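# Descriptive structure summary
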Amino acid sequence: MEALRLQLTGFMRQPAVQRALPLAGLLGVTALAGLAWLALREPPQRDLFRGLPDTEKAAVADVLSKGGIAYGFDKSTGAITVSEDDYFAAKMKLAGEGLPRSAPDGDTLIDSMPMGASRAVEGEKLRSAREMDLARTIEAIDSVLKARVHLAVEPPSIFLRERSRPTASVMLQIASGRSLSEGQVEAIVHLVASSVPDMAPQAVSVVDQNGRLLSQSTGDGAQTDRQIELQAKIEDRYRQAVTALLTPIVGAGKFSTEVHAEVNFAERQATRETYPQNEARLRSETGSWNSDAQGNGGAAGGIPGALQPNAPVNPADPGAPPPTLDQATAQTPAAPGMPPFKTAETFNRNFELGREVSVTRDAIGTVQRLSIAVALDDGPDGKARTAQEIAALEALVKGAIGFDQTRGDVVALSSRKFVQSEEAAADVPWYEASWVPLLARNLSALLVTLVLLLGIGRPLLKRWSAAKVEQQVVEEQRTQQLGTEIQAELGRVAAHDPEQPVTLDMISSTHDYTDRAALIRNFVKQDPDRAALVVRDLLKDGAKADG
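Cut-offs and rules
The residue numbering used here restarts from 1 in each chain and proceeds along that chain's sequence as written. It should be noted that, the model being predicted, local features are given only for residues of pLDDT at least 70 and side-chain atom pairs only at 80 or more, the latter also being counted only at that level, while totals for whole chains, interfaces and linings use all residues. Think of the side-chain values as coming from all heavy atoms in the structure, minus any hydrogens and water. UniProt positions are given in the numbering used here, feature names are shortened, and annotations may be inferred rather than shown by experiment. Each helix is a run of DSSP H or I of at least 4 residues and each strand a run of E of at least 2, with the numbering of both proceeding from the N terminus. Note on exposure labels: buried denotes an accessible area under 20% of the residue type's maximum, exposed denotes more than 50%, and partly exposed covers the range between, all computed with a 1.4 Å probe on protein chains only. In what follows, residue pairs with any heavy atoms lying within 4.5 Å of each other are defined as contacts. For the area figures, the Shrake-Rupley method with a 1.4 Å probe applies, and any residue is considered shielded solely by the protein chains shown. Two strands qualify as a pair provided that DSSP identifies no fewer than 2 bridges between them. Lines are fitted to the C-alpha atoms to define the axes, a helix being fitted only along its stretch in contact, and any angle between axes, read from their N-to-C directions, falls within 0 to 180 degrees. N or O atoms within 3.5 Å of each other form a polar contact, as long as, within protein, one can give a hydrogen and the other can take it, and as long as residues adjacent in sequence are counted only when both atoms are side-chain atoms.

You'll find the protein chain entered in an unreviewed UniProt entry as Flagellar M-ring protein, with Sphingobium lignivorans given as the organism. Quoted verbatim from the Function (unreviewed entry) heading of the UniProt record, the comment on the protein chain is "The M ring may be actively involved in energy transduction." Recorded in UniProt under Sequence similarities (unreviewed entry), the annotation for the protein chain is "Belongs to the FliF family."

This brings us to the overall build of the protein chain. Helix and strand counts for the protein chain stand at 15 helices and 13 strands. Within the protein chain, the proportion of its 547 residues that are buried is 23%. Here the analysis covers contacts within the protein chain between residues at least 6 apart in sequence; of these, 67% occur between residues at least 24 apart. In the form shown here, the protein chain has an accessible surface area of approximately 38100 Å², with 56% of it arising from carbon and sulfur atoms.

Now for the sheet that holds strand β7 (residues 255-264). Sheet architecture is open: 3 strands sit in the order β7-β12-β13, paired in mixed fashion. Two strands in the sheet have a free side with no partner beyond their single neighbour: β7 and β13 (410-416). The average undirected angle you get between the axes of adjacent strands in this sheet is 10 degrees. Where β7 and strand β12 (residues 366-377) come together, 10 bridges link them in antiparallel fashion. Residue Val259 lies in a different strand from β12, and its bridge partner there is Ile372.

This part covers the side chain of Arg385. Position of Arg385 relative to the elements: it lies in the loop between β12 and α10 (387-401). The exposure class assigned to Arg385 is buried, which follows from its relative accessible area of 13%. Here Asp377 takes part through its backbone oxygen, which lies 2.8 Å from a polar atom of the side chain of Arg385. In terms of polar contacts, Arg385 uses its side chain to reach the side chain of Glu389, at 2.7 Å. When sequence neighbours within four positions are dropped, the list of residues in contact with Arg385 reads Val250, Leu376, Asp377, Asp378, Gly379, Ile390 and Ser415.

To continue, consider the sheet that holds strand β3 (residues 80-83). Spatially, 3 strands are ordered β1-β3-β2 in an open sheet, and the strand pairing comes out antiparallel. Sheet topology places β1 (45-49) and β2 (71-73) at the edges, where each strand pairs with a single neighbour. Strand-to-strand twist in this sheet, taken as the mean axis angle between neighbours without regard to direction, amounts to 40 degrees. In this sheet, β3 lies alongside β1 in antiparallel orientation, the contact comprising 4 bridges. Across the sheet, the residue bridging to Asp47 is Thr81, located in β3. Running at roughly 155 degrees to β2, helix α3 (residues 54-66) makes contact with β1, β2 and β3 of the sheet. Packing against the sheet, helix α4 (residues 87-96) makes contact with β1 and β3, and its axis sits at approximately 15 degrees to β1.

Okay, structure coming up:
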C-alpha cells in the first residue's frame, strides 16, 4: 500500500499531470453539473406496467412512441416507466388501444395445472379459474377498470345432509369520475349468480374501491339512495334545459342556475267498486197464478203461459196450436149474472245490477313543486339588466321547464355583478398553482449547476489559466536562454573560425568584446554590402535619437 501511495504521489507530481489537473477537474465539474441538471430537471419516474411479456412490452413501447411520450425500462424489474406528468396520458392512450392484453384468465390457470394434483388442489384451481373468468367478463363492462371475484362454494359431500348455499363477493375498481347505474349493478349480480349453480342473487355482494356497497337492493338506506339519485337526475335535466336555453343568449359563464325539485315518492293504491242505479236489467222470471169462479168448477186453471192440451180446437184454423191458459180464459165467456173471478199469482224475478271496479295507482317520482333560481351577470356595458330583459328571460325559462302555477312552481331571475375570474384565482394560494413545481425543479437544477460551475469550476478554470500562462512564460524564457546560449556558442566558434558564416544574431548574443570585434570583422569580410547597410541604419537611428 505504501509503495502504491508513493507511485500515485509521484505520478501526480509530474509536471504534465500537474498541468492537466485543473482542466480535468473543470471537465469533471461540468459533467457533474450536467448530470445534476438532468436529474433535477426531469420529473420523477413512475412504473406504468410490471411483469408484461416481451410482446406486450413491444406493443406498449410502439404506442408510447407514436404518442410522443418518453418512456424507459427499469433494468432491475423490467418495468416500463414514464414521467409523473405523462402517467395518466400514457394510461389513456394504452387503454384506447386495448393494452395490455395479457390479463390471465381461467383457461391459462387450468392449462398450468400439474399432473397428479390432489382433488382439493384441483377444486381450488377450478374455483380460481371460475373467479378469473368472471372477473374478465365483468371488466368488459363500461366504467369498470378491474374486478376481483371471490366465490364461497362448499365442495360436494355425501356426509352432509344440509349444505350452505353458495355466496359471492365482487370488488370493482371504477374509473375516476364514472359510476355504475343501478341496472349495471343488477346485471353484475345476476351474471355472477347465474354462473354458479344454486346461487341466489341476494347472495352476491358488490363493493367498489371506496368501500361502498353497490348491491344493496332492499332496505331504507337503498331506497333513500335511489330517491336521492332520481331527484338529482330530475334536477340535472331541468338545469341542462335552462343552460342550453341561456348560453346562446347571455353567453357561457354569464349566468348560474340552481334547481330544486320536490319529488313525490309516496306509494298509494286505491280500489273502488260501484253499482250504477240506472243499469238494472231483468235476468230471469218464474211464477204462477190461479183463478176461481163461483159456481163454475170448469174454469180454466194451470200455469200461465203454458199450453192447454184439452182446450177446444178452433174450427176456423184446425192446425193452430191449442191456446194458452191466458187465451183460454180470455176466450171463455163469463156466465151472465156471475161475479168476477178471484185471481192469485206468485212470481220470482231476478235482476242483474251494473258493477264497476276501478284501481288507481299514483305514479312514483312525480314532481310536486319546482324551484329554479337563475343569477345573471350584468350586461356587456357593465350595467344591470333591465326589468323588461329579465322578464323576457324569465318567460323563456318558464317555457323551457314547463312551468305549472297550480303546483306552486317558482322561477326567480336576478341580475348581479359576477366576481371576475382573476379575483377568484387570487384567492387560491400561489404555491398551489400548477406551474410552481415545474419552476421549482428548473430553478433548483439551475442553482445547483451554477454552484458547481462558479464555486468549483471557476477556481479550477483560473488555476488552469494561470498555470498555462506560467508555463508559456517558462517555455519562452527557456527558449530565449537556449537561443542565447546557442548564439553565443556559435559566436565564439565563428570568432575563432573566419570561414564560419556570421549573422547579426551571433553578434548581438556575444557579450565578450574581443569575440564581438572578431565577429564584426568576419561579418564585414564575408558580406561588406550588408555591413554597409547595417552601419547606415545605425547612423540613421542615432541621428533620430539626437534630434
